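Residue strings, one per chain:
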Amino acid sequence: MTEKRVSRWYFGGLASCGAACCTHPLDLVKVHLQTQQEVKMRMVGMAVHVVKNDGFLALYNGLSASLCRQMSYSLTRFAIYETVRDMMGSSNQGPMPFYQKVLLGTLGGVTGGFVGTPADLVNVRMQNDMKLPPELRRNYKHAVDGLVRVFREEGLRRLFSGASMASSRGAMVTIGQLACYDQAKQLVLGTGMMGDNIFTHFLSSFIAGGCATFLCQPLDVVKTRLMNSKGEYTGVRHCLRETAKLGPLAFYKGLVPAGIRLIPHTVLTFIFLEQLKKYFGIRVVS
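For the structure given in this document, a descriptive report is provided here. (Residues numbered from 1 in each chain as written. Predicted model: local features only at pLDDT ≥ 70, side-chain atom pairs only at ≥ 80, totals over all residues. Heavy atoms only, no water.)

### With respect to the overall build of the protein chain
When you go through the protein chain residue by residue, the secondary structure sums to 11 helices and 2 strands. A compact globule built from 286 residues would reach a C-alpha radius of gyration of about 19 Å, and the protein chain, at 19 Å, matches this within 12%. Evaluated residue by residue, the protein chain yields a buried proportion of 50% over its 286 residues. Counting only contacts in the protein chain whose residues sit at least 6 apart along the sequence, the fraction spanning at least 24 positions is 81%. Summed over all atoms, the accessible surface of the protein chain reaches about 13800 Å², with 66% contributed by carbon and sulfur. With 33 positive and 18 negative side-chain charges, the protein chain shows a separation of 2 Å between the mean positions of the two kinds. (Helix = DSSP H or I, 4+ residues; strand = E, 2+ residues; numbered from the N terminus. Rg over C-alpha atoms; globule rule 2.2 N^0.38 Å. Buried < 20%, exposed > 50% of the residue type's maximum accessible area, 1.4 Å probe, protein only. Contact = heavy atoms within 4.5 Å. Areas by Shrake-Rupley, 256 points an atom, 1.4 Å probe, with all protein chains shown as cover. Lys, Arg positive; Asp, Glu negative; His and termini not counted. Charge placed at Lys NZ, Arg CZ, Asp CG, Glu CD.)

### Describing the side chain of His265
Mapping His265 onto the fold places it in helix 11 (residues 255–280). Among the residues examined, His265 registers a relative accessible area of 3% and is labelled buried. Excluding residues within four positions of it along the chain, His265 makes contact with Ser16, Ala19, Ala20, Thr23, Gln70 and Gln177.

### Some thoughts on helix 5 (residues 117–128)
Helix length check: helix 5, at 12 residues, gives a terminal C-alpha distance of 16 Å against a target of 16 Å (1.5 Å per residue), a fit within 8%. Counted residue by residue, helix 5 has 12 buried out of 12 residues, so it is predominantly covered. Buried within helix 5 are the following residues: Thr117, Pro118, Ala119, Asp120, Leu121, Val122, Asn123, Val124, Arg125, Met126, Gln127 and Asn128. (Expected span 1.5 Å × (residues − 1).)

### Here we look at helix 9 (residues 198–228)
Across its 31 residues, helix 9 extends only 38 Å between first and last C-alpha, which sits more than 12% below the 45 Å expected from 1.5 Å per residue. Along helix 9, the helix axis deviates most sharply at Cys216, where the bend reaches about 50 degrees; the proline Pro218 sits within four residues downstream. Two or three places before Phe199, at the opening of helix 9, Asn197 has a side-chain oxygen 3.2 Å from that residue's backbone nitrogen. (Bend = angle between axes of the 7 residues up to and from the residue. Polar contact = N/O pair within 3.5 Å; in protein donor to acceptor, adjacent residues only side chain to side chain.)

### Some points on unusual backbone geometry
Leave glycine aside and you will find that most residues have negative phi; peptide bonds, for their part, are mostly trans. Unlike most non-glycine residues, Asn139 shows phi in positive territory, near 55 degrees. By the element assignment, Asn139 lies in the loop between helix 5 and helix 6 (143–154). Classification of Asn139 as partly exposed rests on a relative accessible area of 49%.

### Looking at the packing of aromatic side chains
Considering all chains together, one arrives at 8 aromatic pairs under this definition. Ring centres of Tyr181 and Phe270 lie 3.9 Å apart, and the angle between their planes is 10 degrees; on these two criteria the pair is classed as stacked. Highlighted residues: Tyr181 in helix 8 (residues 163–190) and Phe270 in helix 11, separated in sequence by 89 residues. Summarising the burial analysis for this pair, Tyr181 and Phe270 share the class buried. (Phe/Tyr/Trp six-rings, centres within 6.5 Å; stacked < 30°, edge-to-face > 60°.)

### Some points on the nonpolar core
Ranked by size, the top nonpolar core spans 14 residues in total, and within it Phe78, Tyr81, Leu178, Phe270 and Leu273 carry the most contacts. Among the elements that make up this core, the one with the highest residue count is helix 8 (4 residues). The residues touching Tyr81, leaving out its near neighbours within four places in the chain, are Lys101, Leu104, Gly105, Leu178, Ala179 and Asp182. Leu121, Val122, Met126 and Tyr140 belong to the second largest nonpolar core, which has 12 residues in total. (Core = buried A, V, L, I, M, F, W, Y, C linked by side-chain atoms within 4.5 Å.)

Coordinates in, geometry out; function isn't part of it.
And the structure:
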């Protein structure tokens, strides 16, 4: 008999929160780059600009909203993906085929993206607030204050502004992260050259982070513009048209900082997740 450990349903949310605390400054710089109407600054220049104007702690603006987002968006998608995968794995012999992982990632990502939209909207606004003139700043105290104020001042519909794009992006990033991580880990372990250790987790999650960045960047740009808008876009199609007018590369604006943020975030998430699973996971004997 062999013993292994599987994740508890909430481990994905906890692991994502740990990763978010480490990568939040990179996420903030990415949002600033994506909301530029014209390319005026690159990644390093934008980071220096933020620190120079508002201080080092400004790099952590919106951290509470980011953690709130992880505990809604990431917890939901990880819970769906890993719970169903482990249930199917216990009834079938061998790992799931890749196409099933993609379908399961799509389901988890769409659901998580929708659930996490309100927190995501507040997260984007809090990160971008310092760029606005003082009289136009929203000045949310924290994530809950932002959620309550958006609901009271703009209504429930506005709270879910960009939900379709967030769900689409959620599907792409979940396919890139979870499905590709599982597949990469399966292939690495299948070579027999490496065991189920932290180096395998690092290599597999690095590959998954690159896949996720490439898949979701165009949707991420449009989602960020929609959430940060003050009514200049009538909907997703209008935002797509206006972004397209800036050229094809506009959909990949901030690609480098997105990768620099998403790849480490993916690596840290899965390393934390594997450690949580190893020490606190549910024991399964087969």
